Every structure is written in C-alpha cells, then in structure tokens.
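Structural characterization, general
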Amino acid sequence: MAIQVTTAVLGSLATNAYLVDTGRHVLLVDPATDSPALRELVGDRRIDFVVNTHGHSDHVGGDWAIPSGAVCIHEADAGLVRLFFPKFPPFQRSLRDGEELVPGVRVLHTPGHSPGCVVLVMEGILLTGDLLFAGSIGRTDLPGGADDEMEASLRKLLALPGDYDVYPGHGEATTLERERRENPFLRWLT
C-alpha cells in the first residue's frame, strides 16, 4: 500500500494538519487545535504517533486531543511549547535527526524557523512544516529563528535526490522540483 496523506486545515492561522497512513502505522502531524475538523480527520483510526514539525502554538494546540501512542517533538522545541502551553503534559518521545520513526518515515532535523524544526521524509513525500511553502519559506524573525540555520536546512532539503510531493505547514501542496525551479527564496541557494 502506498503512503496516504490526508489534510485538514485547522485553527485561526490555517495550519495544515496531516493524517499519514503508511499501511502499518498512522501518524497525526501538526494537530493545530482540538476541533471537530481534527476529530473528523482522525475518525475512528488508532493513532500511533502525534508528530510536531516544530513547537509553535499554531501547530501543537491539539497534541493531546486525540488518544495516541506517543506525542513527539524534537527536544530543541519542547521548551518552546511550554511557553505557549505550560499545562501540557510532557512529550513522550523526542525526535532525532536521521531516525526512522516508523518504517518508511525518516526524521530530518531542519532548524531555522525554530531550533527544533523537522521534516518527515517518506518515499516521494515531504512534510515540511514551516520550513518550505509553495513559493515561499518559513519565517526566521520569531523566537528561536535563525537565518543561517534556515539556509543550511533549505540546502539540506534541496540536496535530496529526485522529486517529492511537498506538504507544508500552511497553504497548498507543491513539489520539490517546482520549488527548485520557481521559488524565489530558493534560487539564490542553487
């Protein structure tokens, strides 16, 4: 079975939450807020992991709304979440660069938008959080953002071989090849 990605747009900042079904595991990525739309996205599926691409409030608000095996974030952003949601329970799992979260889903640490940003890499699919958007890139002017880290992370992403469907944290899906060709923020990196 090919990996299936289903999207719901959640919250006041129109965050893309993703349900990723690998055929063996189900991941809920960036559940922005507890809402009927989040519950509709999940339905009656058993969630193995809730994964945060980073710790900004518009991506983590629904982390504990759905029963799951573990709620995950890169350790560099765990403290950031505590600023927004001091009463949230601790995260059950810390994401590490290069780890295979479940078979076929690899974590790529991509700081810049925040210190703990990650991209989920699958066969032909990237969930980029707020690193890369259709025609744009993530902000670096928020707490923990860093221009030099953003540049290095974008270079790391652009170095991936081949093309991928890109599912960003906000806005429409795109492809990595399209962004290599057309994204004005990436042209100076190539």
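Right above here is the structure, for reference.
What comes next is a walk through the structure. The residue count restarts for each chain, going from 1 along the sequence in the order it is written. Per-residue local features are limited, in this predicted model, to residues with pLDDT of at least 70; the limit for side-chain atom pairs, both in listing and counting, is 80 or more; totals at the level of whole chains, interfaces and linings are taken over all residues. Note that the side-chain values use all heavy atoms of the structure and ignore hydrogens as well as water.

Right, let's get into the pairing of strand β8 (residues 105-109). Across the 5 residues of β8, 4 count as buried, placing the element largely inside the fold. Linking two consecutive strands that pair antiparallel, namely strand β7 (residues 100-102) and β8, is a turn of 2 residues; a positive phi of about 90° is found at Gly104 within it. Strands are treated as partners if at least two bridges between them are detected by DSSP. Only DSSP runs of H or I reaching four residues or more are called helices, and only runs of E reaching two or more are called strands; each is numbered from the N terminus. The pairing of β8 with strand β9 (residues 118-122) spans 4 bridges and is antiparallel. In the strand pairing of β9, Arg106 is matched with Val121. Burial classification: accessible surface area is computed with a 1.4 Å probe over protein chains only, and a residue below 20% of its type maximum counts as buried, one above 50% as exposed, and the rest as partly exposed.

What follows covers the pairing of strand β1 (residues 4-10). Side chains on a regular strand alternate between the two faces of the sheet. As paired elements, β1 and strand β2 (residues 15-21) share 7 bridges and run antiparallel to each other. Across the sheet, residue Ala8 finds its bridge partner in β2, namely Ala17. The antiparallel pairing of β1 with β2 creates a hairpin that spans 4 residues between the two strands, and Gly11 there sits at a positive phi of about 80°.

As a further point, take the pattern of salt bridges. Any carboxyl oxygen of Asp or Glu within 4 Å of a side-chain nitrogen of Lys or Arg constitutes a salt bridge here. Taken as a whole and assessed by the stated rule, the structure comprises 11 salt bridges. Taking the shortest distance from any N to any O, the salt bridge between Arg139 and Asp141 comes out at 2.8 Å. Overall, the relative accessible area of 48% leaves Arg139 in the partly exposed class. For Asp141, a relative accessible area of 56% gives the class exposed. Between Glu182 and Arg181 there is a salt bridge, with its nearest N and O atoms 3.5 Å apart.

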